[in-house]
Amino acid sequence: MPDIHSRRPSPEEVRSRTREILAAHAHLEGPLLPILHAMQESFGFVPQDCVQPIAEGLNIGRAEVHGVITFYHDFREAPAGRHVVKICRAEACQAQGGNALADDTLARLGLEWHGTTANGAVTIEPVYCLGLCACGPAAMVDGKVMGRVDAARMDAILAEAGA
Amino acid sequence: MKVWLPRDAAARALGADDVAGTLLTQARARGIDLTLIRNGSRGMIWLEPLLEIETPEGRIGFGPVTPADVAAILDTPEAHPKALGLVEALPWMARQTRLTFARCGVIDPLSLADYEAHGGLSGLRRALEMDAAGIVAEVTESGLRGRGGAGFPTGIKWDTVRKAQADRKYIVCNADEGDSGTFADRMIMEGDPFTLIEGMIIAGLGVGATKGFVYLRSEYPDAIEVMNAAVTIARDAGLLGASVLGTGPAFDMEIRVGAGAYVCGEETSLLNSLEGKRGVVRAKPPLPALQGFMGQPTVVNNVISLATVPVIFEKGAGFYRDFGLGRSRGTIPLQIAGNVQKGGLFETAFGLTLGEIVDDIAGGTRTGRPVKAVQVGGPLGAYFPRSKLDTPFGYEEFDGQGGLIGHAGVVVFDESADMLGMARFAFEFCAVESCGKCTPCRIGAVRGVETVDRIARGDADAIPLLTDLCETMKDGSLCALGGFTPYPVMSALTHFPDDFATTRKAAE
Ligand SMILES: Cc1cc2nc3c(=O)[nH]c(=O)nc-3n(C[C@H](O)[C@H](O)[C@H](O)COP(=O)(O)O)c2cc1C
Ligand code: SF4
Ligand code: FES
Ligand code: FES
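Basis of the calculations
Residues numbered from 1 in each chain as written. Chains lettered and ligands numbered in written order. Predicted model: local features only at pLDDT ≥ 70, side-chain atom pairs only at ≥ 80, totals over all residues. Heavy atoms only, no water. Core = buried A, V, L, I, M, F, W, Y, C linked by side-chain atoms within 4.5 Å. Buried < 20%, exposed > 50% of the residue type's maximum accessible area, 1.4 Å probe, protein only. Contact = heavy atoms within 4.5 Å. Salt bridge = Lys/Arg side-chain N within 4 Å of Asp/Glu carboxyl O. Polar contact = N/O pair within 3.5 Å; in protein donor to acceptor, adjacent residues only side chain to side chain. Helix = DSSP H or I, 4+ residues; strand = E, 2+ residues; numbered from the N terminus. Nonpolar A, V, L, I, M, F, W, Y, C, P; charged D, E, K, R; others polar. Pairing = 2+ DSSP bridges. Axes fitted to C-alpha atoms, helices over the stretch in contact; angles between N-to-C directions. Near = heavy atom within 4 Å. Areas by Shrake-Rupley, 256 points an atom, 1.4 Å probe, with all protein chains shown as cover. 1 Å grid on protein atoms, 1.4 Å probe; cavity = no way out; pocket = protein on both sides within 12 Å on 5 of 7 lines; lining within 4 Å. Points joined across faces, edges and corners; volume = space filled by probe spheres on them.

Caption draft 1: Fine view of the nonpolar core. Counting 154 residues, the largest nonpolar core has Tyr72 of chain A together with Trp158, Met189, Ile197, Val214 and Leu216 of chain B as its most contacted members. With near-sequence residues (within four places) excluded, tryptophan 158 of chain B lies in contact with Ile135, Val136, Val139, Ile202, Ala203, Val207, Val299, Asn301, Leu306 and Val309 of chain B. Formed by 32 residues, the second largest nonpolar core is a distinct cluster that contains Met44, Phe346, Leu389 and Phe393 of chain B.

Caption draft 2: Just the interface of chain A and chain B, in detail. With 40 residues of chain A at the interface, the matching set in chain B holds 64 residues. Connecting chain A to chain B are three salt bridges. Residue glutamate 29 of chain A pairs with arginine 168 of chain B through a salt bridge whose shortest N-O separation is 3.7 Å. Counting across the interface, chain A meets chain B through 23 residue pairs in polar contact (both at pLDDT 80 or more). Going through the elements one at a time, helix 3 (32-43), helix 5 (62-71), helix 6 (91-94) and strand 4 (144-146) of chain A are the ones with two or more residues in the side of chain A that touches chain B. For the side of chain A that touches chain B, the element with the most residues is helix 5 of chain A, which contributes five residues. Taken together, the residues that form the side of chain A that touches chain B break down as 22 nonpolar, 11 polar and seven charged.

Caption draft 3: Focus on the sheet that holds strand 2 (residues 122-127) of chain A. Residues and elements named next belong to chain A. Judged by pairing direction, the sheet is mixed, and its four strands sit side by side in the order 2-1-3-4 without closing on themselves. With partners counted over all chains shown, the strands left at the sheet margins are strand 2 and strand 4, one partner each. Between one strand axis and the next, the sheet turns by 25° as a mean value, whatever way the strands run. As judged from the three bridges shared by strand 3 (residues 139-141) and strand 4, these two strands associate in the antiparallel manner. Each residue of the ladder has a partner; that of alanine 139, found in strand 4, is methionine 146.

Caption draft 4: Summary view of the site of ligand 1. Residue and element names in this part refer to chain B. Close to ligand 1 lie 19 residues, the nearest being Gly148, Asn174, Asn301, Asn302 and Ser305. At a separation of 3.4 Å, an oxygen atom of ligand 1 approaches a polar backbone atom of glycine 178. Protein chains bury 91% of the 610 Å² of accessible surface belonging to ligand 1 in isolation. For the shell around ligand 1, the secondary structure elements donating two or more residues are strand 9 (298-302) and helix 20 (480-484).

Caption draft 5: Seen up close, empty space enclosed by the protein. On inspection of all chains with the given rule, the structure shows two cavities of 30 Å³ or more. Each pocket or cavity is described by its volume, and for the largest cavity that value is around 70 Å³. If you go around the largest cavity, you meet 13 residues; those closest to its centre are Val281, Cys435, Cys438, Cys441 and Cys479 of chain B. Class assignment of the residues belonging to the lining of the largest cavity gives a composition of eight nonpolar, four polar and one charged. Put simply, the second largest cavity is a space of about 40 Å³. In terms of lining residues, the second largest cavity is bounded by Gly30, Leu33 and Pro34 of chain A together with Tyr215, Arg256, Val257, Ser273 and Leu274 of chain B. Those elements giving two or more residues to the lining of the second largest cavity turn out to be helix 3 of chain A together with strand 8 (252-257) and helix 12 (267-274) of chain B. Among the residues forming the lining of the second largest cavity, the class breakdown is five nonpolar, two polar and one charged.

Caption draft 6: Representation of the environment of proline 31 of chain A within the structure. All names here are of chain A. Its location among the elements puts proline 31 in the loop between helix 2 (11-25) and helix 3. Linking proline 31 and glycine 136, residues 105 residues apart in sequence, is a C-alpha distance of 35 Å. With sequence-adjacent residues up to four places away left out, proline 31 is seen in contact with His25 and Leu58.

Caption draft 7: Structural context of the environment of glycine 476 of chain B. Residues and elements named next belong to chain B. When you line up the elements, glycine 476 lands in helix 19 (residues 462-476). Among the residues examined, glycine 476 registers a relative accessible area of 33% and is labelled partly exposed. In sequence terms glycine 476 and glutamate 177 are 299 residues apart; their C-alpha atoms lie 25 Å from each other. Once you skip the residues sitting within four places of it in the chain, glycine 476 turns out to touch Cys438 and Pro440.

In structure tokens form, the structure reads like this:
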């Protein structure tokens, strides 16, 4: 689905998809997080245009929906790069050279955390533990886990992603 | 030929899928009829991907295997340089007491038949013959305490929910496992998911709940996949649904995915998140046991607490209780991580000293340099210097040393660690993850980063400010995120004063 993630959907597209997603989750107790995950799954981010219909569908305020979207690190309000590389910043990875890996990667791409390369290929994000603490430094590339990531491995990842 | 290769996330992160692909093609090329089972991990992460081959004597292991090793292993297994011999006889395995993790890495995680053949469901069958009070009494009798961090007696929590009057009650499994250095929840969910399901059903029987949720962090895509598949299989087999195993009451469950917030591991924040709200911590009382999910009585337990329930019922409370030290009964799955020779999961009775764990079991640091500090219990746990490595692994014993065992993650640092940097990180993490409800946590964490930076610039006056700030956070925070961040900070400052002084001396 890389094409759908690389452009912004039209308001009509968002509204119709939101209706489908609301219907699919109507039976759940506490459906808002599953709904937002499904929105992000569809569009690569949670579009502003879905807030109103979700609020109406769940009978809650728009501000509440917006508050939930902004509370969680996972939900993006704008599309990311075509590939997302998450680098673990937590303690066990730091003990295995994680800081150097992260610093070098950011410096090499000229990015801060959450930044996207100018060609739109790669977004670099921090993550706090992937449960790979015995084989760090750990990273996740488009949802795929990687262990013992050294500089050479990161080079290969970035090259493949077109950074 | 029957072989096993883990589908555990750590094994996959180290290339297990490529090895699996090569195994299949190389076997086909040799006309070998290969049965490949993607098992859980045995927990020897330094040997992953660990390939096991069935022999008449037992399963022999090879590791860490790369695709290039596969052909030679298939041709002349015993002669291969990565041959390890019988897996169960490896010292790491033989020294453990595997109760909760008995099946992890052994069985096909998604085969209910394999699960039953290895003792699965016998605990549940026993529980189905007991009344609710008897089930809860068995858990209380076992001495099981919450493995999520606080160490609260599980039976007492269950009894509160059992006695509460309500039309609906819930079992919520806390699978948010956000602590750095921990992966036991992930491993059991990927390697033996039916154990967790069985534990949740027994909890439901004990307290009168008919619905369960697993709140599983989004950072664990593999665990999410396995748990969802396991729930579907359990439902199709009649283990979950209108009547548990056709004779019991109703119990069903759902897997819910978190959204990247550490604080949502705190039980009340988790409940808000499950309800579709911001993951802000709730004041207690009311206890979740009385007013939890949707305001109804709710058991919130960690994955390992719940996944340990089946073996307690299978072998009896007394059997479980006989392991351990002091008021820490049974076994604890240690997760050994960071800069170590041998990292992974090691389940053992409480009572080993931290030094035995770090020097003996883990074999010291991977870099070969001396151990400088060990952080136990995740990002809110204290840093232990070498001089405190004689502390025995137990709830009270760690508390007595100003630490906590938390979810039993042990993270080892060698002498290159910069403890001022680690203190700064503790504040930074707290600032990023604070739910925002209390000022001492929300603002204090940001001030903490600034204060550590002042110390780093050589400003000695900032040290008492740091101490005061930690006191304020300890006293004025609603939950342990703000309240315990002072532990890693103050332990770093107290035990490694040189790391806080060098720059100042240099500046003078
Ligand atoms: C900031 C914070 C994060 C927590 N994270 C987790 C977690 O990831 N997993 C967990 O089981 N408990 C976590 N806890 C502890 C839970 O609040 C709660 O005590 C636990 O889920 C109860 O289950 P147990 O009795 O089986 O341990 C956390 C607590 C705090 C304050
Ligand atoms: S201590 Fe921090 S995380 Fe905990 S309730 Fe207060 S603001 Fe929220
Ligand atoms: S600390 Fe990096 S994966 Fe756990
Ligand atoms: S809500 Fe303001 S300090 Fe807790």
